[in-house]
Amino acid sequence: MAAEGGVSGGGAIEGEAAKAAKRRRFGLTTDTARPEGGGRAAPGDASAPARQWPLLTVLVLAGVGLVVVGADPFPQAFRVGTILVGAALLVGAVMRRVVPSVGMLAVRSRFTDMITYGVMGGLIVLLALMVQPRPWLQIPFLEDILHLTVT
């Protein structure tokens, strides 16, 4: 009987430990899943820039836009540079959809990255087209909303 009591007592302790483990809110994470398409964009023996060409393409295009805005070489430089920054994000969204492996351009799932890059790039381009003075794009209902909020 003592042996049976010891076994059942040990089983009760193990059962309590299992319940406590289930009640824990966070467990120890030993590994994280790579985003879909987050592998190298070129073979492993290629140089680091060649393996990350999608990310570098987006960064270079955005950098060119920022240089155009900062240098202000012509009258509409702010608008053109900002459009380049938005276009860089839109290019990132297209690459995330089309290119099977985009390296570090993949941050989240493919769908989330495409939506994030696409919406942010589209909004930046839209705002760059509507910036005052002399906007290149006029959307009347947005002007009405602006007048209602300001006055």
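Coordinates for the structure precede this section.
None of the values given here were measured: they were computed from a predicted structure.

### What to know about the nonpolar core
For soluble globular proteins, the rule of thumb is that nonpolar side chains tend to be buried together. Judged by nonpolar contacts, L55, V58, A62, A88, A93, M95, V99, V102, L105, A106 and Y117 together constitute the single largest core of 11 residues. Mapped by element, the contributors of at least two residues to this core are α3 (53-71) and α4 (77-98). Beyond its immediate stretch of four places on either side in the chain, A93 contacts M114, Y117 and G118.

### Quick word on the pattern of salt bridges
In a structure, side chains of opposite charge can pair up when their charged atoms sit close to one another. The tally for this structure, following the rule as stated, stands at two salt bridges. As a salt-bridge pair, D113 and R108 come within 3.6 Å of each other at their nearest N and O atoms. Exposure remark for R108: the relative accessible area of 33% places this residue in the partly exposed category. The network of salt bridges with common partners includes R96, R108 and D113.

### Focus: the packing of α4 against helix α5 (residues 110-130)
Interaxial distance between α4 and α5 falls to 8 Å at its minimum, and their mutual angle equals 160 degrees. When the axis of α4 is compared with that of α5, the two are roughly antiparallel. For the element pair α4 and α5, the recorded crossing hand is left-handed.

About the criteria used
Residues numbered from 1 in each chain as written. Predicted model: local features only at pLDDT ≥ 70, side-chain atom pairs only at ≥ 80, totals over all residues. Heavy atoms only, no water. Core = buried A, V, L, I, M, F, W, Y, C linked by side-chain atoms within 4.5 Å. Buried < 20%, exposed > 50% of the residue type's maximum accessible area, 1.4 Å probe, protein only. Helix = DSSP H or I, 4+ residues; strand = E, 2+ residues; numbered from the N terminus. Contact = heavy atoms within 4.5 Å. Salt bridge = Lys/Arg side-chain N within 4 Å of Asp/Glu carboxyl O. Axes fitted to C-alpha atoms, helices over the stretch in contact; angles between N-to-C directions. Parallel < 35°, antiparallel > 145°, perpendicular 65-115°, else oblique. Left-handed = near helix turned anticlockwise from the far one by under 90°.

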